[in-house]
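An overview of the molecular structure
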Amino acid sequence: MISERPAGSAPGLRFSVLGPVRAWSDGMEIDLGTPQSRLTLAVLLLRGGSVLVDELVQALWPSDPPRSAVPGVRTFVSRLRRSLAEAGHAEVIQAVPGGYRMAVVEEIVDTGVLRAEIERAALEQEAGDLGAAAGALRRGLAQWQGTPLGDLDGHFAEGHRALLHRLRLSALEQLALIEFRRGRPAAVVSTLTTVIDEYPFDERLRELLMLGLWRAGQQADALDLYTRTRRLLNDELGIGPGAALQRVHQQILASAPVLSAAPARQLPADLPDLTGRRQEAEEMAERLINPEPQQISTIGLTGLTGTGKTALAVHVGHAVSEHFPDGQIFVPMRDERDRPLDPFDLLSFLLISAGSASADLPATLPQRAAAWRSVLANRRMLVILDDAQSRDQVSWLLPGGVGSAVIVTSQRRLDDPAIGLWLMLEPLPTGAAVELVRRIVSDERVERDLRGAERLVTSLSGLPSLIRCAGLALQARPHLPLDAEVAIRWPVPTGGQGVLSGPATAFRRSYGRLPPRLARALRLLSLVDGGCLTAALAGAVMDVAEQEAQDLLEELADRHFLILQPLSGQPPVYEYPIIVRQFANAQALAVDGGTACAEAARRLRRWQAKRRNRPIRLLSA
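These numbers come from a predicted model, not from an experiment.

A closer look at the overall build of the protein
Within the protein one finds 25 helices and 14 strands. Here the protein has a C-alpha radius of gyration of 28 Å; the compact-globule value for 621 residues is 25 Å, and the two agree. Taken over the C-alpha atoms alone, the protein extends approximately 85 × 65 × 40 Å along its principal axes. Split into buried and exposed, the 621 residues of the protein put 49% on the buried side. The long-range share in the protein, meaning contacts at least 24 apart out of those at least 6 apart in sequence, stands at 65%. Just so you have it, the protein exposes about 29000 Å², and 50% of that area is on carbon and sulfur atoms. Side-chain charges in the protein split into 69 positive and 71 negative, and the spacing between the mean points of these groups amounts to 5 Å.

Some points on the environment of tryptophan 24
Looking at the element boundaries, tryptophan 24 is found in strand E2 (residues 22–25). With relative accessibility at 4%, the residue tryptophan 24 sits in the buried group. Considering only alpha carbons, one finds tryptophan 24 and glycine 12, 12 residues apart in sequence, at a separation of 7.6 Å.

Details of unusual backbone geometry
Across residues other than glycine, the phi torsion is negative in most instances, and most of the peptide bonds are trans. Phi is positive for serine 442, close to 110°, though the residue is something other than glycine. With respect to the element layout, serine 442 can be found in the loop between helix H16 (430–441) and helix H17 (443–448). Even without a glycine there, the phi angle at serine 461 is positive, about 55°. When its relative accessible area of 15% is taken as the criterion, serine 461 is described as buried.

Considering the pattern of salt bridges
The tally for this structure, following the rule as stated, stands at 25 salt bridges. As a salt-bridge pair, aspartate 338 and arginine 509 come within 3.9 Å of each other at their nearest N and O atoms. Taken together, the positions of aspartate 338 in the loop between strand E9 (327–332) and helix H13 (343–353) and arginine 509 in helix H21 (residues 508–512) put the pair 171 residues apart, joining distant regions of the chain. Among the charged side chains, a network of salt bridges with common partners joins Arg334, Asp338, Asp387, Arg509 and Arg513.

Focus on the sheet that holds strand E1 (residues 13–16)
Across the sheet, three strands lie side by side as E1-E2-E3; this open sheet has antiparallel pairing. Strands with a single pairing partner mark the edges of an open sheet, and in this sheet they are E1 and strand E3 (28–29). Where E2 and E3 come together, two bridges link them in antiparallel fashion. Its bridge partner lying in E3, tryptophan 24 is registered against glutamate 29.

Section: the confidence of the model for the protein
Chain-level pLDDT for the protein is 83 on average; 90% of the residues reach the 70-or-more range. Residue range residues 1–11 is modelled with pLDDT below 50. Its contacts to residues more than four positions away, or to other chains, number 14 contacts.

Remarks on the side chain of aspartate 449
Mapped onto the secondary structure, aspartate 449 falls in the loop between H17 and helix H18 (450–459). Within the buried core, aspartate 449 has no salt-bridge partner, and the shortest N-O distance to an opposite charge, that of arginine 455, equals 4.6 Å. Reaching out from aspartate 449, the side chain makes a polar contact with the backbone nitrogen of glycine 452 at a distance of 3.2 Å. If we skip the residues at most four places from it in the chain, aspartate 449 touches Pro481, Leu482 and Asp483.

Points about the nonpolar core
Counting 57 residues, the largest nonpolar core has Leu522, Leu525 and Leu533 as the members making the most contacts within it. Per element, the largest residue contribution to this core is nine residues, and it comes from helix H25 (residues 578–611). Beyond its immediate sequence surroundings of up to four residues, leucine 525 is in contact with Leu533, Ala538, Val541, Met542, Leu553 and Tyr576. By size, the runner-up hydrophobic cluster in this structure holds 39 residues, among which are Ile178, Leu192, Met210 and Tyr226.

Let's talk about the packing of aromatic side chains
Any two aromatic rings considered together are summarised by their centre-to-centre distance and by the angle between their planes. What the rule picks out here adds up to two aromatic pairs. Ring geometry for tyrosine 511 and phenylalanine 583: centres 5.5 Å apart, planes at 80°, overall edge-to-face. Separated by 72 residues along the polypeptide, tyrosine 511 in helix H21 and phenylalanine 583 in helix H25 bring together distant segments of the chain. Pair check on accessibility: tyrosine 511 and phenylalanine 583 agree, each one buried. Above the plane of the ring of phenylalanine 180 lies arginine 215, whose end atom (NZ or CZ) is 4.4 Å from the centre. The ring of phenylalanine 324 carries the charged tip of arginine 380 above its face, separated from the ring centre by 4.9 Å.

Some words on H16
In this model H16 runs 16 Å from its N-terminal to its C-terminal C-alpha over 12 residues, within 8% of the 16 Å that 1.5 Å per residue would give. Buried residues in H16 make contact with helix H2 (53–60), H17, H18 and helix H19 (464–475). One or two positions beyond H16, positive phi appears at serine 442, with a value near 110°.

Parameters at a glance
- Residues numbered from 1 in each chain as written.
- Predicted model: local features only at pLDDT ≥ 70, side-chain atom pairs only at ≥ 80, totals over all residues.
- Heavy atoms only, no water.
- Helix = DSSP H or I, 4+ residues; strand = E, 2+ residues; numbered from the N terminus.
- Rg over C-alpha atoms; globule rule 2.2 N^0.38 Å.
- Buried < 20%, exposed > 50% of the residue type's maximum accessible area, 1.4 Å probe, protein only.
- Contact = heavy atoms within 4.5 Å.
- Areas by Shrake-Rupley, 256 points an atom, 1.4 Å probe, with all protein chains shown as cover.
- Lys, Arg positive; Asp, Glu negative; His and termini not counted.
- Charge placed at Lys NZ, Arg CZ, Asp CG, Glu CD.
- Salt bridge = Lys/Arg side-chain N within 4 Å of Asp/Glu carboxyl O.
- Pairing = 2+ DSSP bridges.
- pLDDT = per-residue confidence, 0-100.
- Polar contact = N/O pair within 3.5 Å; in protein donor to acceptor, adjacent residues only side chain to side chain.
- Core = buried A, V, L, I, M, F, W, Y, C linked by side-chain atoms within 4.5 Å.
- Phe/Tyr/Trp six-rings, centres within 6.5 Å; stacked < 30°, edge-to-face > 60°.
- Lys NZ or Arg CZ within 6 Å of the ring centre and 35° of its normal.
- Expected span 1.5 Å × (residues − 1).

This is the structure we're talking about:
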């Protein structure tokens, strides 16, 4: 023990990496030993608590590990365990097959506290309590104690320092925007003035500080900050201020009314491991930034649940955000019970997000739509309408002229001519899907178990959202093979509705939206093994006319539950993605029961006998 932690600290074990790497027990600092031991601790803390020995070797000796690297890792871990044991925490670091696990919760690590407070702020903001949201962000930012990993060198420390700085900058931006909404520009000035010199080339912070100064009645100071920023960028980088900073400068000079409301910055966080969507992302960005003359930039994304429509929309939104300086708004199109929201309520959300007061909102749907089009008329805003249900829901929300842009995600294509480009997201090919696994669980682990990785992504039908969840499960279990059942059963996030029990249940919401006749078709047709479904075969299984069966198949394909096979000159043939079949088959047995499944099998055999077809086996009979 070498020093006391500052007064007011919580008792028990605590760790800090938002500054030098340190640890305390009951307020007394623990001697962590050499830089190598502290780096070992940092890797354990920042990798979620479970780390392979190979990952520790890579962090400690990134370029040329010695032959003694593995014993060296064991030595550093042993010293850490001894230091923690002397402080009464002998079981914190545990050996597991292939590596080590650290049994800690986020509340005792400063990065965990920061992330938790950022999440709490988002929830408080969504609930309308801006004061509580600001308080949460300030508590999180108070964890910052200097340069992250400030006593460590090397590739690992440098990479994570950059990530943690970005996290801090994001929290500072969110805090400033919330304080603007609370009418407290002086609080923005106070907060940003203390950190602006730490990020001399971050134009977004300077833009917000200029805006805060102007709103606080300090126009001359705001203009002086712009002058100093322009000089700094020119002297140090040889460039001028960006478009957003220039725009704020011109608006301050003109005392523009738009400065009275901070632009909405509502996009969710971008995924750091988005994989296999480069072509689609580039096409979308080009369409949004450089639309056809006199055309509204409106793009639709469709595809099966789990193909990553929302992730791609958010990724592209971040990539083009500087081209839409008047705000980026993210609109969930369904409520917490998965019911489609009414356009009237959606327009309320949009108008308030754009700076309108709730008391000033028009009373009718057409009036609100007209007010929204007026808001967009002289602005460049990006709006993401996520998980849209129908044309009627979307059409009221679209701009009336050029300048702003909209991205719509929907499980099926909407017949709205105002949506100029539709992209259908396919499952990832095997190579890209395995690359996603690499990014999550590490190159070394995939190289050791490449076939397991390929079996994993095949079992999940190449759906990136499910692969990501499985990868996170495997990341926390370094001793398991990559195709372990636990990964395939691992919980899948469901858009803010908690966690479901396995990847197949990611389809439960989409399935629950189906009309009863389509849901029944999805279930019973999944019982046919071999995957080749025609209208005639489907009609036999379903006991309906062939034309009605064809309509059912088409509707399921429109929702991407079935894949239309490109067989020219023949009747259309459809197949299930593997994981959809698994889900639908389980539903058939649970909902329709064995008797109904057996009756479907008998109908199919009678049809085969009449047509003298090659027998088709049923998965359940």
